[in-house]
Amino acid sequence: TSDTYDPNDNNPCVPNEVFEIPIFSDTYLNESFPDVNYGNVDSLILKSEPGFEKRILFKIDMAMLPPNVPVEALEGSVSFLNFLAEIPNGTVPEISFHRMLQPWDQGTGSPNGDQVSWNSAGNGVSWQPGGNYDPNPIITGYIYQSGYNEIDITPVFQEAAMNPNNFGFMIK
């Protein structure tokens, strides 16, 4: 066998190559505490309740891809993101993934409004409350349970591969 990408290999059970692309920066934004940064927390929290929203931000490190790998090589890939969902009783919220339109930094947990938060991109740079993102979602889905969830972010991963110079993504 060869260790190179074969565009004619159409066996979805045996990928040409396995890519480990880490999420290198992540945090969440909290509407209830709009100036607090959560860059140092272990859990990413998502909540869609109006007035109490929590949105997840993350960046994918596309520099980890081997050079000259075509986007078609990623079609058999599956990438998952784990997060904690807070769901009001009796609801099945729709979630959506969006491209971020402005740079932001994960931060280290500052409560002073100087790092990425609901109200700020960080370092004194403002953005629209809740983050500056493309309103057209990359993908949408539903969350059926409170607690820890895992969701397939393969389409987001593919978007990042096609547009490697990006500012990351938001789940809302």
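Refer to the structure above for everything that follows.
Residues numbered from 1 in each chain as written. Predicted model: local features only at pLDDT ≥ 70, side-chain atom pairs only at ≥ 80, totals over all residues. Heavy atoms only, no water.

**Some details on the overall build of the chain**
Link 1 in the chain: Broken down by element type, the chain carries 1 helix and 10 strands.
Link 2 in the chain: Ordered by position from the N terminus, the helices and strands of the chain form the series β-β-β-β-β-β-β-β-β-α-β.
Link 3 in the chain: Across the 172 residues that make up the chain, the buried fraction comes to 42%.
Link 4 in the chain: Put simply, of all contacts in the chain between residues at least 6 apart along the chain, 77% involve residues at least 24 apart. (Helix = DSSP H or I, 4+ residues; strand = E, 2+ residues; numbered from the N terminus. Buried < 20%, exposed > 50% of the residue type's maximum accessible area, 1.4 Å probe, protein only. Contact = heavy atoms within 4.5 Å.)

**Re the side chain of Gln 115**
Link 1 in the chain: Within the element layout of this structure, Gln 115 appears in the loop between β5 (94–99) and β6 (120–122).
Link 2 in the chain: A polar contact of 2.7 Å, which involves the side chain of Gln 115, links it to the backbone nitrogen of Thr 108.
Link 3 in the chain: The residues contacting Gln 115, other than those within four sequence positions of it, are Asn 37, Gly 107, Thr 108, Gly 109, Ser 110, Ser 120, Gly 122 and Asn 123. (Polar contact = N/O pair within 3.5 Å; in protein donor to acceptor, adjacent residues only side chain to side chain.)

**Thoughts on the pattern of salt bridges**
Link 1 in the chain: Scanning the model with the defined rule gives 5 salt bridges in all.
Link 2 in the chain: Among the salt bridges present, the one from Arg 55 reaches Glu 53, with a minimum N-O distance of 2.9 Å. For the pair shown, Arg 55 and Glu 53 are each scored as buried.
Link 3 in the chain: For the salt bridge of Lys 54 with Glu 86, the shortest nitrogen-to-oxygen distance reads 3.1 Å. Placement of the pair is Lys 54 in strand β3 (residues 54–60) and Glu 86 in the loop between β4 (80–85) and β5, with a sequence separation of 32 residues.
Link 4 in the chain: For Glu 86, a relative accessible area of 26% puts it in the partly exposed group.
Link 5 in the chain: One salt-bridge network, in which partners are shared between bridges, spans Lys 47, Glu 49, Lys 54 and Glu 86. (Salt bridge = Lys/Arg side-chain N within 4 Å of Asp/Glu carboxyl O.)

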